[in-house]
Amino acid sequence: MRVKIGLIGKTNTGKTTFFNSATLQSAEISTYPFTTKTPNLGIAHVVTLCVHKEFGVKDNPQNSICDDGWRFIPIELIDLPGLIRGAWMGKGLGNQFLSVAAQSDALIHVVDASGSVDAEGRICEPGTGDPVADIGDIEEELVMWYMKLILTNQDRIERDLKRNMDLPTIINNFMQGVGVTKEHVAVALEKSGLAEKDFRNWSEEELKNFTWTLRDVSKPTLIVANKMDLPYAEENFERIREAYSDMIVIPTSAEAELTLRRAEQKGYIKYIPGEERFRVIDSSKMTDRQKWALNFIRKSILSKYLHTGVQFALNVAVFKLLRMSAVYPVYDPKSLTDKNGNVLPDVHLMPYGATIADLAREVHTELAKGLLYGIDCRDGLRLPITYKLKDRDVISLVSASSKKK
Ligand SMILES: Nc1nc2c(ncn2[C@@H]2O[C@H](COP(=O)(O)OP(=O)(O)OP(=O)(O)O)[C@@H](O)[C@H]2O)c(=O)[nH]1
Ligand SMILES: [Mg+2]
């Protein structure tokens, strides 16, 4: 299963620009509020240093791409319609929003760090809007949506409590669709100090506190401070970092990334997403404006932040926030090939704590059935199927059927 990342945030903050730059799609971008009406889905990639150099082999990637030593692993990116304060009451897309957002494993909350979106979501002069307040508003929206779900099911909760069902099961029954598991509920109850208190006696404050925690636990989120190329962005970025010190905040310029990726597509430059430099290949077809834009990006974004932040944000979402590992399953532990002789063909993103048995299931159900053990291709060590995978592990999966040969 592909990892899914959802882009959420106030309208006009640059979600679709981020999405297009990461997926090379052409979804509509505009200065009007609420441009995106229905979610856009696309394939983006996360990048990790490929292991082929370390092993001294040349690879033939199948499920991913290797470019100049970097392995690009596909993930799914979802660009969601913009939100605004009060959206949960029915402004904008309503409940449909939550169910789509809920399909994601993690969320990237895009904010306009330059403060050039006003309270109604219209584009205004940089420095006018308040990104710190914007983040709070959107977070509040998400919590209100969760709250609405709980409140509309209050009778059902009380009825099921009388039947001696436990709260995690009851809540999971009607919040499964938005990705809330029993474990999420149990952790949220514990964290908000309500595990021992009867739901029927919760105060409004306690309910809100629980809902807030549940949203946090069930949907890991990082903040992207976008439009760093505009005035006021730097000082706002510092304010955001201070106000949300318990979250990861990444500065980006989605527009710069989009310009670079489009220039690369047209063959004007060589640019590897996430890198701090690009190389001009053919400037003859570029307009003066394009040349100016590339110069601006080099001087004002790349030399300062070392990257545009888009690729970095995706990597951080997958490898730090979700703590996933990139693991290479192979058939032959010596040649590092699959059965067709492809060297280091596939790399899989595995959730934190996943084992060799989980990896085998990802690769093939048949393989998982007869699985005997794994071999660590770095040192030839035989590993039990309960071994917890590490990032950049290269594992040969040995099953009963493969051993017979
Ligand atoms: N300067 C600057 N402008 C940006 C950046 N990213 C997006 N924009 C501009 O911000 C405006 C809104 O961009 P969109 O990508 O449509 O924003 P959105 O968040 O998808 O908006 P909705 O779909 O309405 O929610 C457009 O004019 C973009 O060109 C950036 O990094 N820097
Ligand atoms: Mg959009």
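Engineer: Residues and numbers for the domain arrangement of the protein chain, please.
Structural biologist: Often the size quoted for an interface is simply the accessible area lost on bringing the parts together. We note that the domain assignment places domain 1 (4-39 + 80-243) and domain 2 (327-404) within the protein chain. Computed over C-alpha atoms only, the centres of domain 1 and domain 2 are separated by 37 Å.

Engineer: Any chance you could break down the site of ligand 1 for me, citing the residues and the numbers?
Structural biologist: Taken together, the neighbourhood of ligand 1 is formed by 23 residues, with T11, K15, T17, T36 and D229 sitting nearest. Contacts to ligand 1 include A254, whose backbone N or O atom sits 3.0 Å from an oxygen atom. Between ligand 1 and E255 there is a distance of 2.8 Å, counted from an oxygen atom to a side-chain nitrogen or oxygen. The protein chains hide 93% of the 650 Å² of surface that ligand 1 would expose on its own. Only helix 1 (15-23) and helix 10 (254-265) provide two or more residues apiece to the shell around ligand 1. Here the residues of the shell around ligand 1 are counted per class, giving six nonpolar, 13 polar and four charged.

Engineer: An account of the packing of aromatic side chains is requested, with residue identities and associated values reported.
Structural biologist: Tallying each qualifying case throughout the model produces three aromatic pairs. Both rings, one in W292 and one in F296, keep their centres 5.5 Å apart while their planes meet at 15 degrees; by these two values the pair is stacked. Of this pair, W292 and F296 both sit in helix 11 (residues 288-305), four residues apart, roughly one helical turn. Residue classification places W292 among the exposed positions, given a relative accessible area of 56%. One aromatic cluster is present, formed by F199, W202 and F210 through successive ring pairs. Sitting over the face of the ring of F278, R298 holds its NZ or CZ atom 4.4 Å from the ring centroid. Lying across the ring of Y352, R323 places its NZ or CZ 3.9 Å from the centre.

Engineer: Go over the sheet that holds strand 14 (residues 394-399), please, and point to the residues and values.
Structural biologist: Spatially, five strands are ordered 11-10-14-12-13 in an open sheet, and the strand pairing comes out mixed. Both edges of this open sheet fall to strand 11 (348-350) and strand 13 (382-383), since each of them pairs with a single strand only.

Engineer: Account for the pattern of salt bridges, naming residues and giving values.
Structural biologist: Applying the stated rule across the entire model yields 22 salt bridges. Across the salt bridge formed by D118 and R122, the nearest N and O atoms sit 3.2 Å from each other. Owing to a relative accessible area of 17%, D118 belongs among the buried residues under this scheme. Here R122 falls in the partly exposed class, since its relative accessible area comes to 45%. The partner of R241 in a salt bridge is E238, with the nearest N and O atoms 3.2 Å apart. Note that R241 and E238 are positioned in helix 9 (residues 233-243) at a spacing of three residues, about one turn of the helix.

Definitions and limits used
- Residues numbered from 1 in each chain as written.
- Chains lettered and ligands numbered in written order.
- Predicted model: local features only at pLDDT ≥ 70, side-chain atom pairs only at ≥ 80, totals over all residues.
- Heavy atoms only, no water.
- Domains from an automatic or database assignment.
- Near = heavy atom within 4 Å.
- Polar contact = N/O pair within 3.5 Å; in protein donor to acceptor, adjacent residues only side chain to side chain.
- Areas by Shrake-Rupley, 256 points an atom, 1.4 Å probe, with all protein chains shown as cover.
- Helix = DSSP H or I, 4+ residues; strand = E, 2+ residues; numbered from the N terminus.
- Nonpolar A, V, L, I, M, F, W, Y, C, P; charged D, E, K, R; others polar.
- Phe/Tyr/Trp six-rings, centres within 6.5 Å; stacked < 30°, edge-to-face > 60°.
- Buried < 20%, exposed > 50% of the residue type's maximum accessible area, 1.4 Å probe, protein only.
- Lys NZ or Arg CZ within 6 Å of the ring centre and 35° of its normal.
- Pairing = 2+ DSSP bridges.
- Salt bridge = Lys/Arg side-chain N within 4 Å of Asp/Glu carboxyl O.

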